[in-house]
Amino acid sequence: MGRQAVQYTKAPECSARPVVGGVGAGTLPMEAERRRVLGVEFLAMSDQTAPARGGDAPSPPDAPLPTGWGVPLSLAMLAGPIIGTMISRTVMSFADFTMVSMISDEAMAAVMPAGISVWCMICFGFGIVTVTNTFVSQSLGKGQPSECSRYTWQGLYVAAVIGLVVLPAWWVAPHYFALAGHAPEVQRLEVTYFRISLFGVMPAVAANVVANFFNGIHKPSVGLIAAVIANAFNIAGNYVLIFGHLGFPEMGIAGAAWATAAASLLQVTILACVWLGPVYARRYASRVTWRPSWTRLKRIIRVGLPIGVQFESDIFGFTVFTVFMVGAYGTAQLAANNLAFKFLEVAFMPVVGLSIALTAAVGKAIGAGRPDYARLVTRWAIGGALCYMALIAAMYLAFRYTLPGLMTDDPAVIQWAAKLLVLCAVFQVFDAFGITMTGALRGAGDTFWPGMTTFTLTVTVFLGGGYAMMNYAPHLESIGPWVAATVYICAYGMVMSLRWWFGPWEKIDLFADRKTRPAEPALAIEPA
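Since this is a predicted model, take the numbers as computed values, not measurements.

Cut-offs applied
- Residues numbered from 1 in each chain as written.
- Predicted model: local features only at pLDDT ≥ 70, side-chain atom pairs only at ≥ 80, totals over all residues.
- Heavy atoms only, no water.
- Helix = DSSP H or I, 4+ residues; strand = E, 2+ residues; numbered from the N terminus.
- Buried < 20%, exposed > 50% of the residue type's maximum accessible area, 1.4 Å probe, protein only.
- Contact = heavy atoms within 4.5 Å.
- Core = buried A, V, L, I, M, F, W, Y, C linked by side-chain atoms within 4.5 Å.
- pLDDT = per-residue confidence, 0-100.
- Patch = residues over 30% accessible without salt bridge, like charges linked within 9 Å, V, L, I, M, F, W, Y side chains within 5 Å.
- Areas by Shrake-Rupley, 256 points an atom, 1.4 Å probe, with all protein chains shown as cover.
- Salt bridge = Lys/Arg side-chain N within 4 Å of Asp/Glu carboxyl O.
- Phe/Tyr/Trp six-rings, centres within 6.5 Å; stacked < 30°, edge-to-face > 60°.
- Lys NZ or Arg CZ within 6 Å of the ring centre and 35° of its normal.
- Axes fitted to C-alpha atoms, helices over the stretch in contact; angles between N-to-C directions.
- Nonpolar A, V, L, I, M, F, W, Y, C, P; charged D, E, K, R; others polar.

**With respect to the overall build of the chain**
So, point 1. Summing up its helical and strand segments, the chain has 18 helices and two strands in all.
So, point 2. Expressed as a percentage of the 528 residues in the chain, the buried residues total 56%.
So, point 3. A sequence separation of at least 24 residues applies to 83% of the contacts in the chain between residues at least 6 apart.

Okay, here's the thing in structure tokens:
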């Protein structure tokens, strides 16, 4: 028939030396012939006493853990492309906000509540699939490359479910935004942006899954390239669709939503093409590990669920904060709040990128059995994050009137935004601790504590404190809820630092199941 079939079979036992660069063993001439014919790498486990966790026979990681000054250098090389990716994503969001703000103040006031509401819809699942980075990096450290792709496929199945589950929110949107009591025109624009953005949920979450595969295997430049291309496409799409160029109608805020959804689809397409391409298909078996695995899916859900709770709690808190607390004080203060958030996003995204890189570095160290290296690389990461955030705080204080003036000429918006930037400067250093330490804990698989801490502080300090400030200090207006937000961020940073330095993360085994299971059959390529 001329066609080759992929089957699950036991690998032949033999004493021939293992295939170079492979993940198992077999007779070398046979392997060379199969690679020549099929163009894929033969995957087998010659060790039939493989651990119950399944996967490849352990092989040495791609590169040894660095020492001395190589530690911060390797972290910088890993973090650089991820930070670039985070900045690129921020630029995409900032481009939407900037171009939409050229339409009207109502559009500028609408895009932030609508955007954060969409994110609130998906962030629970988004948080779950973020754990792909942890499983991929630990599998890399264990020398099990095909496991990296197996966990990535399971994450993609979760992304598909998320994309379908959020679609019914289309019919709920008008009633939801009516509860906020914003001006009628702002409500109309919020509903428009929210509804269209729902179509970008599935590709956005899927892109996060595959990007975390590349982060986990310490190849983050792939994600950076895809993000930059998608960002350029988004800016061009905004120009064409928002303002009506090249024969397209002038769509306003709807054009921004369509451009962003299309850019997310382009991004995941680029990432998937590289991941499924010949290079990664040979090394990580990305084309032949697609079968659903309930065992691995349960591990992803078990470890990722607390991250989903953390994301959902945090974003839900900021959604209520933006839409119902700050939004209650009028369009000018809501617009100022949105400006402050955009400047915050530009500032903290590099630290988020560093945190993601730290997750991959700590995960690889844990997989290799080196918790001492995990502590060392975390110390370097927190030092860099603190220096950077201190500079950002100084910039907020020095240019608190200049920065808002770059986005609007409304004096009321500038005055309120300047006050908010002072509070932003107060919590920058604590935010550095919170973001960085969360990334380190996530790499070790310690996700329950951050999730529960976020939930507890959100309910008590953030939302509870915010409503208390509105009731007992109404003269502060939107500054009152922002004070509660500042206390929340500072408290979270301190708790996460204590958890890292004194927590039991070194004893966590992500791959241990409650019941011992037999090893999964080895993956082999056989002619049809």
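**Description of unusual backbone geometry**
So, point 1. Its identity as a non-glycine residue notwithstanding, His-218 has a phi of 65°, on the positive side.
So, point 2. Positive phi is not limited to glycine here, since Leu-246 has a value of about 55°.
So, point 3. Structurally, Leu-246 can be placed in the loop between α9 (221–243) and α10 (253–275).
So, point 4. For Leu-246, a relative accessible area of 73% puts it in the exposed group.

**Remarks on the nonpolar core**
So, point 1. Judged by nonpolar contacts, the single largest core of 133 residues is most densely connected at Phe-213, Phe-214, Phe-321, Tyr-396 and Trp-482.
So, point 2. With 20 residues, helix α13 (residues 331–367) is the largest single contributor of residues to this core.
So, point 3. Setting aside chain neighbours within four positions, we find Phe-213 in contact with Thr-132, Val-136, Cys-148, Ser-149, Thr-152, Trp-275, Tyr-280 and Tyr-284.
So, point 4. Membership of the second largest hydrophobic core comes to nine residues, among which are Val-131, Phe-135, Tyr-151 and Ile-307.

**Describing the environment of Gln-267**
So, point 1. Note on placement: Gln-267 falls in helix α10.
So, point 2. Not counting residues up to four positions away in its chain, the partners in contact with Gln-267 are Arg-89, Ala-207, Ala-226, Ala-227 and Ala-230.

**Regarding the confidence of the model for the chain**
So, point 1. Per-residue pLDDT for the chain averages 81, and the proportion of residues at 70 or more is 84%.
So, point 2. Low pLDDT (under 50) marks residues 1–55, which in the prediction has 102 contacts with non-local residues, meaning those over four places away or in another chain.
So, point 3. Contacts from residues 514–528, a stretch scored under 50 in pLDDT, to residues over four places away or in other chains number 45 contacts.

**Concerning a nonpolar patch on the surface**
So, point 1. A cluster of nonpolar residues, Leu-164, Leu-167, Phe-199, Met-202 and Trp-258, forms a patch on the protein surface that exposes about 450 Å² of accessible area.
So, point 2. Position of Leu-167 among the secondary structure elements: in the loop between α5 (145–165) and α6 (169–180).
So, point 3. The partly exposed category is assigned to Leu-167, whose relative accessible area is 31%.

**Considering the packing of aromatic side chains**
So, point 1. Across all of its chains, the model carries 26 aromatic pairs by this definition.
So, point 2. Consider the rings of Trp-153 and Trp-275, whose centres lie 4.9 Å apart with planes at 50°: the pair is tilted. Of this pair, Trp-153 sits in helix α5 while Trp-275 sits in helix α10; the two residues are 122 residues apart in sequence, bridging distant segments of the chain.
So, point 3. Each ring, one from Phe-213 and one from Phe-214, has its centre 5.1 Å from the other, and the planes form 75°; the classification is edge-to-face. With respect to class, Phe-213 is no different from Phe-214; both count as buried.
So, point 4. An aromatic cluster is present here, built from Trp-153, Tyr-157, Phe-213, Phe-214, Trp-275, Tyr-280 and Tyr-284 joined pairwise through their rings.
So, point 5. The residue whose ring lies beneath Arg-283 is Tyr-284, and the NZ or CZ to ring-centre distance is 5.5 Å.
So, point 6. In this arrangement the basic side chain of Lys-419 is found over the ring face of Trp-416, its NZ or CZ atom lying 4.4 Å from the centre.

**Some details on the side chain of Asn-338**
So, point 1. By the element assignment, Asn-338 lies in helix α13.
So, point 2. Residue Asn-338 is classed as buried on the basis of its relative accessible area, which comes to 0%.
So, point 3. With sequence-adjacent residues up to four places away left out, Asn-338 is seen in contact with Phe-97, Met-108, Ala-109, Met-112, Pro-113 and Thr-322.

**Structural notes on the packing of α6 against helix α12 (residues 294–325)**
So, point 1. Following both chains from N to C, one finds α6 and α12 inclined at 65°, their axes separated by 8 Å at the closest point. Facing Tyr-176, Leu-179 and Ala-180 of α6, the residues of α12 in contact are Thr-319, Val-323 and Phe-324.
So, point 2. Per-class residue counts for the contact of α6 with α12 are five nonpolar, one polar and no charged.

**Points about the environment of Leu-198**
So, point 1. Tracing the sequence through the fold places Leu-198 in the loop between α7 (184–197) and α8 (201–216).
So, point 2. Along the primary structure Leu-198 and Pro-168 are separated by 30 residues, whereas in three dimensions their C-alpha atoms are 9.3 Å apart.
So, point 3. In contact with Leu-198, not counting residues within four places along its chain, are Val-166, Leu-167, Ala-169 and Trp-170.

**Side note on helix α4 (residues 132–142)**
Because an α-helix completes one turn every 3.6 residues, residues spaced three or four positions apart along the sequence face the same direction.
So, point 1. Counting buried residues in α4 gives eleven out of eleven residues, a clear majority hidden from the surface.
So, point 2. Turning to α4, its buried residues are Thr-132, Asn-133, Thr-134, Phe-135, Val-136, Ser-137, Gln-138, Ser-139, Leu-140, Gly-141 and Lys-142.
So, point 3. Two residues or fewer after α4 comes Gly-143, characterised by a positive phi angle close to 75°.

**Topic: the pattern of salt bridges**
So, point 1. Enumeration over the complete set of coordinates arrives at six salt bridges.
So, point 2. The salt bridge involving Glu-147 is made with Arg-150; its shortest N-O contact spans 2.8 Å. Taken together, the residues span about one helical turn, with Glu-147 and Arg-150 both in helix α5 at a distance of three residues.
So, point 3. On the basis of relative accessibility, which here comes to 6%, the residue Arg-150 falls in the buried class.

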